Amino acid sequence: WGWLDLLIGGLIWAGFYIWLILFANINNSIEIIPVLWIMGVGTIFLLIGSSSLFLTATNIGVKGALGVMIIGMALFSLGTILASFLTNLAFLVAIIGEMITMIGLLIFAITNFGERTFGMLFWLPLIMAPIYFISWSVDPGAISFPLENWTEWLAALYGLGWVLLGIGYYRQIKKSTAV
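Quick summary incoming for the structure in this document.

The rules behind the values
Residues numbered from 1 in each chain as written. Predicted model: local features only at pLDDT ≥ 70, side-chain atom pairs only at ≥ 80, totals over all residues. Heavy atoms only, no water. Phe/Tyr/Trp six-rings, centres within 6.5 Å; stacked < 30°, edge-to-face > 60°. Lys NZ or Arg CZ within 6 Å of the ring centre and 35° of its normal. 1 Å grid on protein atoms, 1.4 Å probe; cavity = no way out; pocket = protein on both sides within 12 Å on 5 of 7 lines; lining within 4 Å. Points joined across faces, edges and corners; volume = space filled by probe spheres on them. Helix = DSSP H or I, 4+ residues; strand = E, 2+ residues; numbered from the N terminus. Nonpolar A, V, L, I, M, F, W, Y, C, P; charged D, E, K, R; others polar. Core = buried A, V, L, I, M, F, W, Y, C linked by side-chain atoms within 4.5 Å. Buried < 20%, exposed > 50% of the residue type's maximum accessible area, 1.4 Å probe, protein only. Contact = heavy atoms within 4.5 Å. Expected span 1.5 Å × (residues − 1).

So, the packing of aromatic side chains
Reasoning step 1: Across all of its chains, the model carries 12 aromatic pairs by this definition.
Reasoning step 2: Grouped by ring-pair contacts, the aromatic residues W13, F16, Y17, W19, F76, Y132, F133, W136, Y158 and W162 constitute a single cluster.
Reasoning step 3: The ring of F54 carries K63 above its face, with NZ or CZ at 4.4 Å from the centroid.

Some words on empty space enclosed by the protein
A probe matching the size of a water molecule, rolled over the atoms, marks out where space remains unfilled.
Reasoning step 1: Using the criterion set out here, one finds one cavity of 30 Å³ or more in the structure.
Reasoning step 2: For the largest cavity, the calculated volume is near 30 Å³.
Reasoning step 3: Around the largest cavity, the lining residues are W13, T43, L46, M73, F76, T101, Y132 and Y158.
Reasoning step 4: Sorting the residues of the lining of the largest cavity by element identifies α2 (37-56) and α3 (60-83) as the ones contributing at least two each.
Reasoning step 5: Classifying every residue of the lining of the largest cavity by side-chain character gives six nonpolar, two polar and no charged.

A closer look at the layout of surface pockets
Reasoning step 1: Approximately 200 Å³ is the volume attributed to the second largest pocket.
Reasoning step 2: Around the second largest pocket, the lining residues are F118, G119, M120, L121, I167, G168, R171, Q172 and K175.
Reasoning step 3: Looking at the lining of the second largest pocket residue by residue, the class counts come to four nonpolar, three polar and two charged.

Regarding the nonpolar core
Reasoning step 1: If you look at the biggest cluster of nonpolar residues, it comprises 41 residues, and the most contacted ones within it are W13, Y17, L105, F118, Y158 and W162.
Reasoning step 2: Counting only elements with at least two residues in this core, the list comes to α1 (2-22), α2, α3, α4 (88-115), α5 (124-137) and α6 (150-177).
Reasoning step 3: In this view, Y17 contacts M39, E152, A155 and A156; residues no more than four positions away in its chain are not counted.

Comments concerning α5
Reasoning step 1: Look at α5: 20 Å from first C-alpha to last across 14 residues, which is about the 20 Å you get at 1.5 Å a residue.
Reasoning step 2: Along α5, the residues that are buried comprise L124, P125, M128, A129, I131, Y132 and S135.
Reasoning step 3: At its buried positions, α5 is contacted by α1, α4 and α6.

Just distances and angles here, no functional claims.
Below is the structure:
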């Protein structure tokens, strides 16, 4: 069921950002804090799906990278859920979780080239890592870019990447059990 967790987590992640772009009327970045828990819930699904990947991985490098990513996702999820109703200190935990998740995802992307966990989509994590990094680390006002909300669109793409990885993981499981 790990593939389904990745798919649901990716849909929640992408859906949150698409909702934010299209429907949210947020004039100040502080106004988004009460609804951050949605990202935390989406990340819990990604964490469970990544744990499934961890359990099925055979390469020690892949396992280590997934372990780092899982720790980062746990911190991010905890931070976003707590930031929704507690303090700004919890938001710092979420940011540290994002950094750790991105490092784990990048290492996973590189080590997964040998294991090819997602079948034909084995290359996708290598594209998702920089998209994720830019989406949360770049101040959109600091870079002139013609697309409005471009960092949010990158975050939505990152979520859709998880959806594709869930589908690729499902197909790989089906392929290996059909033998």
